[in-house]
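These are the residues of each chain, in order.
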Amino acid sequence: MIDPPSEGAAAPLSRFRRLPILGRIEAKLLIWFLGLSGALLGFVSIAGEVREGDTHAFDDAILRALRQPGDMHDPIGPFWVEASFRDITALGGYTVLSMILAAAVAYLMLNGKRASALLVFGAVVGGTALSNVLKLFFDRQRPDVVGHLVDVHSLSFPSGHAMLSAVTYLTLGALLARTEKRLVMRLYFICVAVALTLLIGASRVYLGVHYPTDVLAGWCAGAAWAFICLLVARWLQHRGTVEPSN
């Protein structure tokens with residue numbers, strides 16, 4: 001006969017069941033995205049392989065596969081595919097992300113959530129600083145195996161577009177999800193954030209300005225930073241430092 005769970009053992013389970021379903025959903029999805037990125041090629045593993053020069057064959061093969069045979073400046077697919085990826089890649093650039101950040105911070109300020117606005121601002125600015133530090137540390141040059149379809153002037157590893165889009169869109173997606181009561185809307189915000197992050201990263205490889213491992217590393221680092229910032233936000237909310245979600 002199986003003994004019933006003790007009072008002490010049942011208490012944590014009871015507390016877990018009382019947790020807001022929103023908190024469980026956003027945490028699970030963010031952990032899943034982080035875990036998936038880590039399962040593919042965790043940031044530390046990718047960085048080690050890149051520094052040793054073991055990823056060139058993998059990176060070059062994918063970049064070449066996205067070009068027409070015999071012309072490394074001509075991408076595969078019809079003209080509108082290239083035009084679409086040029087537009088998509090702009091969503092991860094400093095200009096667009098700065099506008100989105102300014103709009104989000106202004107919204108939170110106008111809504112009386114100054115601490116939340118500061119937290120969002122710090123998350124994105126901190127992620128930007130971390131991206132630049134990582135680029136300088138690894139000092140990897142841009143791909144030269146194929147032609148670049150957009151102008152670039154910075155270092156390659158990790159992809160800033162991939163990392164900063166993960167930081168910005170995942171953070172904002174999770175915060176927006178916390179304002180909704182319906183499960184379908186929470187999932188919608190998170191899924192849109194993840195889809196944008198994946199599309200922006202893929203556009204950098206298609207346009208020939210990043211190696212695939214740059215983008216994978218950017219996703220890993222960006223998702224990890226977003227996850228850390230959201231954990232900090234929940235901890236500060238628990239302490240009453242940051243305004244609770246609606």
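All values reported here derive from a predicted model rather than from experimental measurement.

Criteria and thresholds
Residues numbered from 1 in each chain as written. Predicted model: local features only at pLDDT ≥ 70, side-chain atom pairs only at ≥ 80, totals over all residues. Heavy atoms only, no water. Helix = DSSP H or I, 4+ residues; strand = E, 2+ residues; numbered from the N terminus. Buried < 20%, exposed > 50% of the residue type's maximum accessible area, 1.4 Å probe, protein only. Contact = heavy atoms within 4.5 Å. Areas by Shrake-Rupley, 256 points an atom, 1.4 Å probe, with all protein chains shown as cover. pLDDT = per-residue confidence, 0-100. Pairing = 2+ DSSP bridges.

Engineer: Break down the overall build of the protein for me, with residues and values.
Structural biologist: Summing up its helical and strand segments, the protein has ten helices and two strands in all. Shown N-terminal to C-terminal, the secondary structure of the protein runs as helices and strands in the order α-α-α-α-β-β-α-α-α-α-α-α. Split into buried and exposed, the 246 residues of the protein put 44% on the buried side. Across the protein, every contact between residues at least 6 apart in sequence was considered, and the portion connecting residues at least 24 apart equals 77%. Surface summary for the protein: the accessible area is close to 13300 Å², and the carbon and sulfur share equals 67%.

Engineer: Explain the confidence of the model for the protein residue by residue, including any values.
Structural biologist: On average, residues of the protein score 83 in pLDDT, and 80% of them are at 70 or above. Ranking the elements of the protein by mean pLDDT puts helix α1 (residues 7–18) last, at 50, and helix α5 (residues 79–90) first, at 94.

Engineer: Please set out the pairing of strand β2 (residues 71–75) residue by residue, giving values where relevant.
Structural biologist: As paired elements, strand β1 (residues 67–68) and β2 share two bridges and run antiparallel to each other. Counterpart to Gln68 in the pairing with β2 is Asp71.

Engineer: Lay out unusual backbone geometry with the relevant residues and their values.
Structural biologist: Of note, the amide linkage connecting Phe157 to Pro158 takes the cis form, showing an omega dihedral of -10°. As for its placement among the helices and strands, Pro158 is situated in the loop between α7 (114–138) and α8 (160–177). Backbone geometry places Asp139, a non-glycine residue, at a positive phi of 50°. With respect to the helices, strands and loops of the structure, Asp139 is situated in the loop between α7 and α8. Classification of Asp139 as partly exposed rests on a relative accessible area of 45%.

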